[in-house]
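# Fold and geometry: a report
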Amino acid sequence: MIQEKEKEYQVSLARTAKDDTPELAFAFRTLREFTTFQYNLKIENSSMPADNHYQFKIGGMIMPLTAMPSTGHAVAVVKFPFPSVGTYTIEFLKKNHRNSFRVEITADDMKIVELPEEKQFVDLLVKRD
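## Concerning the overall build of the protein
Helix and strand counts for the protein come out as zero helices and nine strands. Its C-alpha atoms put the protein at 40 × 40 × 25 Å along the principal axes. Nonlocal contacts in the protein, meaning residues at least 24 apart in sequence, comprise 56% of its contacts between residues at least 6 apart. Averaging the coordinates of the 17 positive side-chain charges in the protein and doing the same for the 18 negative ones gives two points 6 Å apart.

So, in structure tokens, the structure goes:
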């Protein structure tokens, strides 16, 4: 069981577009800000959108390949073709912990309809246009 502490990650769920093709973007970031480097988060994607299921394992951090160090949160973005209307399970895994959300997607909106029963280490936000 996770000790009572603050959430560690924020994930923003948003509808985006690339070349006029709608996408579903998951933007990950740590809530902790780093003062030496702005790391990249290692995210393992085991999603199956056709089965109304998205699953991400949040791993460690990766050193960025840049000549100039910068400060900030560790980040990652994962994108998918925008899914059909329906209710989707979105799971985040970290070590032996799981946060499972249910999100309803309609033609013009997305909303969280069920929060995890266990202590949340992820703060899931839905970004609207």
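Here the narrative resumes.
## A short note on the pairing of strand 2 (residues 21-34)
The pairing of strand 1 (residues 9-18) with strand 2 spans ten bridges and is antiparallel. Within the sheet, the bridge partner assigned to L13 lies in strand 2 and is F26. Counted along the chain from strand 1 to the antiparallel partner strand 2, the turn is two residues long, and its residue D19 has a positive phi close to 55 degrees. Bridging between strand 2 and strand 5 (residues 72-81) involves nine bridges; their strand directions are antiparallel. Bridging across to strand 5, A25 finds its partner in K79.

## Comments concerning the environment of K94
When you line up the elements, K94 lands in strand 6 (residues 86-94). The class of K94 is buried, set by a relative accessible area of 15%. Along the sequence, K94 and K57 sit 37 residues apart, while their C-alpha atoms lie 5.9 Å from each other. Among the polar contacts made by the side chain of K94, one reaches the side chain of E8 at a distance of 2.7 Å.

## Overview of the environment of T36
Position of T36 relative to the elements: it lies in the loop between strand 2 and strand 3 (40-45). Note: C-alpha distance between T36 and K18 (18 residues apart in sequence) is 32 Å. Beyond its immediate sequence surroundings of up to four residues, T36 is in contact with P69, S70 and T71.

## So, the pattern of salt bridges
For the coordinates displayed, the defined rule picks out four salt bridges. Residue D123 pairs with K7 through a salt bridge whose shortest N-O separation is 3.9 Å. On the criterion of sequence distance, the pair formed by D123 in strand 9 (residues 122-127) and K7 in the segment before strand 1 is long-range, its members being 116 residues apart. Classification of K7 as partly exposed rests on a relative accessible area of 30%. Linking K94 and E8 is a salt bridge whose minimum nitrogen-to-oxygen distance equals 2.7 Å. Of this pair, K94 sits in strand 6 while E8 sits in the segment before strand 1, and the two are 86 residues apart along the sequence.

## Observations regarding the environment of L24
Take L24: it is sitting in strand 2. For L24, a relative accessible area of 1% gives the class buried. Residues L24 and T36, twelve residues apart in the sequence, show an inter-C-alpha distance of 31 Å. Not counting the four nearest positions on each side in its chain, L24 is found in contact with L13, A14, Y54, V78, K79, F80, P81, F82, P83, I105 and M110.

## A closer look at the nonpolar core
Within soluble globular proteins, side chains that are nonpolar generally end up buried alongside one another. In terms of nonpolar packing, the biggest core is built from 28 residues, with L13, F26, F28, F56 and F92 touching the most fellow members. Taken together, the elements giving at least two residues each to this core come down to strand 1, strand 2, strand 3, strand 4 (53-62), strand 5, strand 6, strand 7 (97-105) and strand 9. Excluding its chain neighbours within four sequence positions, the residues that come into contact with F28 are Q10, V11, L41, I43, F56, I58, A74, V75, A76, V78 and F92.

What counts, and where the lines are drawn
- Residues numbered from 1 in each chain as written.
- Predicted model: local features only at pLDDT ≥ 70, side-chain atom pairs only at ≥ 80, totals over all residues.
- Heavy atoms only, no water.
- Helix = DSSP H or I, 4+ residues; strand = E, 2+ residues; numbered from the N terminus.
- Contact = heavy atoms within 4.5 Å.
- Lys, Arg positive; Asp, Glu negative; His and termini not counted.
- Charge placed at Lys NZ, Arg CZ, Asp CG, Glu CD.
- Pairing = 2+ DSSP bridges.
- Buried < 20%, exposed > 50% of the residue type's maximum accessible area, 1.4 Å probe, protein only.
- Polar contact = N/O pair within 3.5 Å; in protein donor to acceptor, adjacent residues only side chain to side chain.
- Salt bridge = Lys/Arg side-chain N within 4 Å of Asp/Glu carboxyl O.
- Core = buried A, V, L, I, M, F, W, Y, C linked by side-chain atoms within 4.5 Å.

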